[in-house]
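# Secondary and tertiary structure notes
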Amino acid sequence: MLQSTRAIRRAKPVQRVLYIADLISTVVGKTAAWLIIALMTVVVVEVAKRYLLNAPTAWIFDLNNMLYGTVFMLCGAYTLAQNSHVRGDFIYGSLKPRTQATLDLILYVLFFLPGIAALIYAGWHYAQDSWRILEHSNVTADGPPVYPFKTVIPIAGTLVMMQGLAEMLRCVVCLKSGAWPPRLKDVSELDVVEEQLARSEYVDDEDRRAAIAGAHKIDETARQRGMGGDLNT
């Protein structure tokens, strides 16, 4: 977090806006990710109750869905900020940055903005109606309240919209400069690989350096074939 704050202070105004959007999405996404532990705990406890004590909980199915749905929705902006959404178009990776930016900008305008705007609009009304009647789930008997969960829908949509606008700004910067602007660096698999190799007693220094360099080369190639990879900031 401290490293990200320093990077924001050093950045130029436009890049600072991009970094701030990345930081907000990252903080929310990482915070929401802790719900995975709650979800895992709920599942383990329910399995023990169901099969060992023969005392299943009626509303556990609803709770599992709400926990998973909350994680899924609140981590969407974080995934977009880290350029980690799956790309199925192998042709895209062979395009020049300006061509990628042009294609992305068109798709953001045609599909992303209307889709996410509709999600926010519909989600807001769903949440309003749910709070007004203090809605409970009718999927299971004695279902838990769902109005807090439905409130997550417009919140998540707003976060994704914010990050999407930042991505559109990235496209504009790329069109002007010919290169993708950097993103805030986050912990990646390479960091784990480096740490494991550093602690290994069975890999000498030369092989360790070669393995790390090879991993970085593969990662950089993959990111360049995608869009705007992480940079050390």
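All of these numbers come straight from a predicted model, not from anything done at the bench.

### Regarding the layout of surface pockets
- Of the voids in this model, the largest pocket is the one considered here, and its volume is about 660 Å³.
- Element by element, the count of residues in the lining of the largest pocket is highest for helix α6 (residues 97–133), at eight residues.
- Counted by class, the lining of the largest pocket contains 16 nonpolar, seven polar and three charged residues.

### Focus: the pattern of salt bridges
- According to the stated counting rule, one finds six salt bridges in the structure shown.
- Measuring nitrogen to oxygen at the nearest pair gives 3.1 Å for the salt bridge that ties Glu-135 to Lys-150. Here the residue Glu-135 occupies a position in the loop between α6 and α7 (147–177), and Lys-150 occupies one in helix α7, the gap between them amounting to 15 residues.
- Across the salt bridge formed by Glu-167 and Arg-183, the nearest N and O atoms sit 3.0 Å from each other. In this pair, Glu-167 sits in helix α7 while Arg-183 sits in the loop between α7 and α8 (189–199), placing the two residues 16 residues apart along the sequence.
- For Glu-167, a relative accessible area of 0% corresponds to the buried category.
- Taking relative accessible area as the criterion, Arg-183 reaches 0% and is therefore assigned buried.

### Description of the UniProt feature "transmembrane region" (unreviewed entry) in the chain
- Feature annotation in UniProt places "transmembrane region" (unreviewed entry) on residues 20–45, 65–84 and 105–127, given in this structure's numbering.
- Between the end C-alpha atoms of residues 20–45 the distance is 39 Å, and the span holds 96% helix and 0% strand.
- Its end C-alpha atoms 31 Å apart, residues 105–127 is made of 100% helix and 0% strand.

### A closer look at α7
- With 31 residues, α7 ought to run about 45 Å at 1.5 Å a step, and its terminal C-alpha atoms sit 46 Å apart, in line with that.
- Once α7 finishes, Gly-178 follows within two positions and takes phi at roughly 85 degrees, a positive value.

### Structural notes on the packing of helix α3 (residues 35–51) against helix α4 (residues 60–74)
- Here α3 crosses α4 at 160 degrees, and the two axes come no closer than 9 Å. Judged by the inter-axis angle, α3 sits roughly antiparallel to α4. Here the hand of the crossing between α3 and α4 comes out left-handed. Residues Leu-35, Ile-36, Ala-38, Leu-39, Val-42, Val-43, Glu-46 and Arg-50 of α3 pack against Ile-60, Leu-63, Asn-64, Leu-67, Tyr-68, Thr-70 and Val-71 of α4.

### As for a nonpolar patch on the surface
- The grouping of Leu-103, Ile-106, Leu-107, Val-109, Leu-110 and Phe-111 at the surface amounts to a nonpolar patch, some 540 Å² of accessible area in total.
- Of note, Leu-103 is situated in helix α6.
- Since its relative accessible area comes to 31%, Leu-103 is described here as partly exposed.

### A word on the packing of helix α2 (residues 13–33) against α3
- In contact at an axis separation of 5 Å, α2 and α3 are set at 15 degrees when each is read in the N-to-C sense. With respect to α3, the axis of α2 lies roughly parallel. Counting all contacts with α2, which are made through Thr-31, Ala-32 and Ala-33, the residues of α3 involved are Leu-35, Ile-36 and Ile-37.
- The residue inventory of the contact of α2 with α3, partitioned by class, reads five nonpolar, one polar and no charged.

Calculation rules
Residues numbered from 1 in each chain as written. Predicted model: local features only at pLDDT ≥ 70, side-chain atom pairs only at ≥ 80, totals over all residues. Heavy atoms only, no water. 1 Å grid on protein atoms, 1.4 Å probe; cavity = no way out; pocket = protein on both sides within 12 Å on 5 of 7 lines; lining within 4 Å. Points joined across faces, edges and corners; volume = space filled by probe spheres on them. Helix = DSSP H or I, 4+ residues; strand = E, 2+ residues; numbered from the N terminus. Nonpolar A, V, L, I, M, F, W, Y, C, P; charged D, E, K, R; others polar. Salt bridge = Lys/Arg side-chain N within 4 Å of Asp/Glu carboxyl O. Buried < 20%, exposed > 50% of the residue type's maximum accessible area, 1.4 Å probe, protein only. UniProt positions renumbered as here; feature names shortened; annotations may be inferred. Expected span 1.5 Å × (residues − 1). Axes fitted to C-alpha atoms, helices over the stretch in contact; angles between N-to-C directions. Parallel < 35°, antiparallel > 145°, perpendicular 65-115°, else oblique. Left-handed = near helix turned anticlockwise from the far one by under 90°. Contact = heavy atoms within 4.5 Å. Patch = residues over 30% accessible without salt bridge, like charges linked within 9 Å, V, L, I, M, F, W, Y side chains within 5 Å. Areas by Shrake-Rupley, 256 points an atom, 1.4 Å probe, with all protein chains shown as cover.

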